[in-house]
Amino acid sequence: MRLIKIIFIFFSLFILSCSAVNPNIRSISEDDVSLFLNQTPKAEEHPNAGIDLLYSYNYMEFYEDGTSVTRNLERIKIFNERGRNFASKSISYREGYQEVKIIFANTIKPDGKIIPLDSDDIHDSSEYAGYDFYTDLKVKKFTMPAVEDGCIIEFAYEIKNLKPVLAMDYADTFFCRNLFPIEEDIAEIVLPQDIELKYKKFKTDITPRIIADGKKKRYIFVNTKQKEIIPESRMPSLYDRETYPQLSFWTLHDWNVISKWYINLIKEQMKSDDELERFTKNLIADKKTDEDKINAIFNFVSQNIRYIAVILGPHTHKPHQASDVFKKRYGDCKDKTVLLLTMLKIAGIEGKPALVPSNGKYFDESIPSLNAFNHIIAVVSLRDKYFWLDGTNETAAYDSPPFVLPTKVFLINDDGSYRFITTPALNDKKDYYHSDIKYNINKEGNADIDYKYEFFGKAAEAVRYSFKYSPPEQRKKVFENRGIEVKELQLGSFTNTKEPFVIKLKGTLKNLAQVLDEETMVLSNIVAFDSYRDITAAGNRQYPINLTQSMYAEESSSYRFPPGFKIKRLPQNYSFEKPFRVRKEKYDFKGSVFHVYLESKNDDQLIGLQDIDEFKKFAIQLQKHESSIKNFIFEK
C-alpha cells in the first residue's frame, strides 16, 4: 500500500512538474474529454474545410550560449477524408545537431475513447532518401492511429538545437489565416533580456504581449477565430503580405553578422594547389579576353563538376575546399561557387559570392536572417557589366540572367561588407524562342512537316537540359506524343551554351486537316492560347489574380494546301497589348499557302480586386477572338 502511495505521489509530482514547465503543452486526456468534444466545431459549419485547427502552440526559447529548444503542440479535428493527411506528421532534424522527442500523441475518437500513438510506430529515416545527397538531415515520422471523421488528433514534440549554425539567428512568419479554420494559434518566443525580438505586422492588428521574466523576455502572439481561406484560381501565395494577414519576426540587428561570418567561410575554403593552378592556366591559355576566360571557367565548373548535395556536419553552409571539389568532381552550390571563385582568382578575375533567397518574390531585405537563403552563386563585375554564374546550372550561358524573374541577392565583398543587388530581367531580344513550321497538306488531310525550333538565351536552358538527359528514343516520344511520326530529328549542342539550342524535325501528321468533301477542308484549333476562362467563369473573388511570366515567343506556321484551294475567310490581323500580356497575330494567304505569324509574351502581374472587373472585360475580348479563329475553312 505504501509503495502504491509513493508511486502515486511520484506521478503527481511528474505531471505537476511538466505543467509547471509549460502549462500550454498538455493533453486534453487530462480533462473532461466528452465536454471538450461537444464544444468543438462541427463539419457542417465548415463545408469547404477538411480539418479545424483547434489549438496550436509553438514555443521557442533561446539560451545565453546560443542553443535553443522548440516545443510544439497541435490539436486538430478531422472533418472528412480531405483532412486525413494531417494525421501523418514528419519532423525534420539534423542528427548530431538536434534532438527530437515526442512528448505525447493521441487520437480521441468521436465516442471519447483515447488511442495513444504506439512508440513502435515512430520511425526515423533520411529526409532525402533516394536522392544524390550526403546529409545528416533526418526525419522523424509517425501517423496517428484510429483516424476517422469527427475524431481529434493531438501531438506534442520537442526539438533541442544543440549546435546552432549562427547563434541567436531566428526568423519566422506567423500566418494568421490558412486553408483551414483556426480556433487558437499561439507563438511564444523567449529570449535573453539583451536580445530584442523585432516584428512587422501585415493586415493584422495582432501585437505581442511582452513579459519580463528574470533574465528573459517572453513575446507571446495569439491568433484566434480565423475562417479558412477558400482557394481560388490563380490566387497569390500565402506569403503575399498585401493579401493575407501575417507577422514577420526576427532577432538579428543587421546583415553584417551574416556577411562577415560567411565571407570568412568562403575565403577559408578558397584553397588551391598545384594541380588546380596548372589546370586553370591551361584552360584559359588561348583565351584572349576576360569574358572568354569567364566563359571557359564557368562551363568547366557547371558542366564537369556533378551536382551532389552535401549537407553534412559543418557543411550545411560551409563549402569544401576548392582543391577537394576539383579533385572529386562533385559538389553542391556552395562547393561549385567556391571552386568558381578560386579558378577566377587564378585567372586574375575577381568574383564575389552572392546568397540567393529561397522565396525571392517575397524577400524582405529589412529582415536579416541566414534562414532567408538556400542558394549561392558567384558574381563578376567587369567593365560595368555583371556576370551571374550559377555553377549548378549546366545548360546556362555565362552571360545569361540567373533567374527568370529579377531577384534581389545578397552580394558579399571581400572585406565582409555587403550590398543587395537585383539580377536583370529577361531580355526579349536575347531570351526567347522562335519556331518556323511548314505543313504540306495532301488531299487526304495528312501533312508532311518540316519543323525548326530555336531557343535563345534563358529560353534554351530547360529545353537543352531535358533533351540532354533523355535517351534518343525518348526524345522522339516528345513529338510522337503530339501525333507526329518522326522521320528525322536533329538537335543542337548540349554543351555550347553560347549558341541557341536548335531542334530540326521532319515527319508526318495524319488528319491535320479535316476533309469534309473533295472541295472542302477545315483546320481546327491551330491557334491556341490562354484566354482566362477560369477567371471569367468564377463569381465574385476574394483574392487578387496572380499572373505568371512566360518567355517572349515568335511562331511562324505555314500550311500548304493542294492546288486550287483558297481560304473562305481570311481573319484580320489581331493585336492585344496590356501590361500583363502582349499578343500579335498576322494572317495571309498566297497561292495555296496559309501563313500564321504570332508574337506573344505574358508578364508577372498581380491584378487587384479593384481591377478584376476590368480584367474580365479584357479576358472576354480574348475569348471572343479565340472562338472566331477555332476553325479555318478552305474551299476548292
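Scroll up a little and you will see the structure.
Residues numbered from 1 in each chain as written. Predicted model: local features only at pLDDT ≥ 70, side-chain atom pairs only at ≥ 80, totals over all residues. Heavy atoms only, no water.

(A) Layout of the overall build of the chain. Secondary structure assignment for the chain yields 11 helices and 37 strands. If one aligns the C-alpha atoms of the chain with their principal axes, the spans along those axes are about 110 × 70 × 45 Å. The contacts of the chain with a sequence gap of at least 6 include a subset with a gap of at least 24, amounting to 74%. Approximately 31,800 Å² of the chain is accessible, and the part contributed by carbon and sulfur atoms is 49%. Looking at the chain, you have 90 positive and 92 negative side-chain charges, and the mean spots of the two groups are 3 Å apart. (Helix = DSSP H or I, 4+ residues; strand = E, 2+ residues; numbered from the N terminus. Contact = heavy atoms within 4.5 Å. Areas by Shrake-Rupley, 256 points an atom, 1.4 Å probe, with all protein chains shown as cover. Lys, Arg positive; Asp, Glu negative; His and termini not counted. Charge placed at Lys NZ, Arg CZ, Asp CG, Glu CD.)

(B) View of the packing of aromatic side chains. Tallying each qualifying case throughout the model produces 51 aromatic pairs. Between phenylalanine 363 and phenylalanine 373, the aromatic rings sit 5.9 Å apart at their centres with planes inclined by 45°, giving tilted as the arrangement. With phenylalanine 363 in the loop between strand S19 (352–357) and strand S20 (373–382) and phenylalanine 373 in strand S20, this residue pair connects regions lying 10 residues apart in the sequence. Of the two residues examined, phenylalanine 363 and phenylalanine 373, each falls in the buried class. Ring plane angle 55° and centroid distance 5.0 Å describe the contact between phenylalanine 580 and phenylalanine 615, whose orientation is recorded as tilted. Taken as a pair, phenylalanine 580 in the loop between strand S33 (574–578) and strand S34 (581–590) and phenylalanine 615 in helix H11 (residues 612–628) lie far apart in primary sequence, 35 residues in all. Exposure remark for phenylalanine 580: the relative accessible area of 5% places this residue in the buried category. Of the residues examined, phenylalanine 615 reaches a relative accessible area of 1% and is grouped as buried. The ring of tyrosine 97 carries arginine 94 above its face, with NZ or CZ at 3.8 Å from the centroid. When the ring centre of phenylalanine 326 is taken as reference, the NZ or CZ atom of arginine 329 above it lies at 4.4 Å. (Phe/Tyr/Trp six-rings, centres within 6.5 Å; stacked < 30°, edge-to-face > 60°. Buried < 20%, exposed > 50% of the residue type's maximum accessible area, 1.4 Å probe, protein only. Lys NZ or Arg CZ within 6 Å of the ring centre and 35° of its normal.)

(C) Layout of unusual backbone geometry. Backbone geometry at alanine 146 places phi at a positive 55°, although glycine is not the residue there. Note that alanine 146 resides in the loop between strand S8 (137–143) and strand S9 (152–161). Although it is not a glycine, aspartate 384 sits at a positive phi angle of roughly 65°. Among the secondary structure elements, aspartate 384 is positioned in the loop between S20 and strand S21 (385–389).

(D) Seen up close, the sheet that holds strand S2 (residues 68–78). The sheet built from 8 strands is open, its strands ordered S5-S4-S9-S2-S1-S11-S14-S13 with mixed pairing. Across the chains shown, the open sheet's two edge strands, defined by having one partner strand only, are strand S5 (114–116) and strand S13 (209–213). Pairwise comparison of adjacent strand axes, ignoring direction, gives a mean angle of 15° for this sheet. Sheet topology places strand S1 (residues 51–62) next to strand S11 (residues 182–192); 7 bridges connect them, and they run parallel. Considered in S11, the bridge of serine 56 is made with aspartate 185. (Pairing = 2+ DSSP bridges. Axes fitted to C-alpha atoms, helices over the stretch in contact; angles between N-to-C directions.)

(E) A look at the sheet that holds S33. Strand order in the open sheet made by the 8 strands is S26-S27-S25-S24-S31-S35-S34-S33, with mixed pairing throughout. Of all the strands in the sheet, just strand S26 (484–491) and S33 have a single pairing partner and so form its edges. Sheet twist, expressed as the average angle between the axes of neighbouring strands with direction ignored, equals 10°. Of the strand pairs in this sheet, S34 and strand S35 (residues 593–602) are connected by 10 bridges, and their pairing is antiparallel. If you follow arginine 581 over to S35, its bridge partner there is asparagine 602. The sheet strands contacting helix H8 (residues 458–468) are strand S24 (432–441), strand S25 (447–455), S26 and strand S27 (501–509), and the helix crosses S27 at an angle near 60°.

(F) Summary view of the pairing of S8. Pairing between strand S3 (residues 88–94) and S8: 7 bridges, direction antiparallel. Note on S8: the bridge partner recorded for lysine 89 is phenylalanine 142. Where strand S6 (residues 123–126) lies against S8, 4 bridges are found, and the strand directions are antiparallel. The residue bridging aspartate 124 from the neighbouring strand is lysine 140, located in S8.

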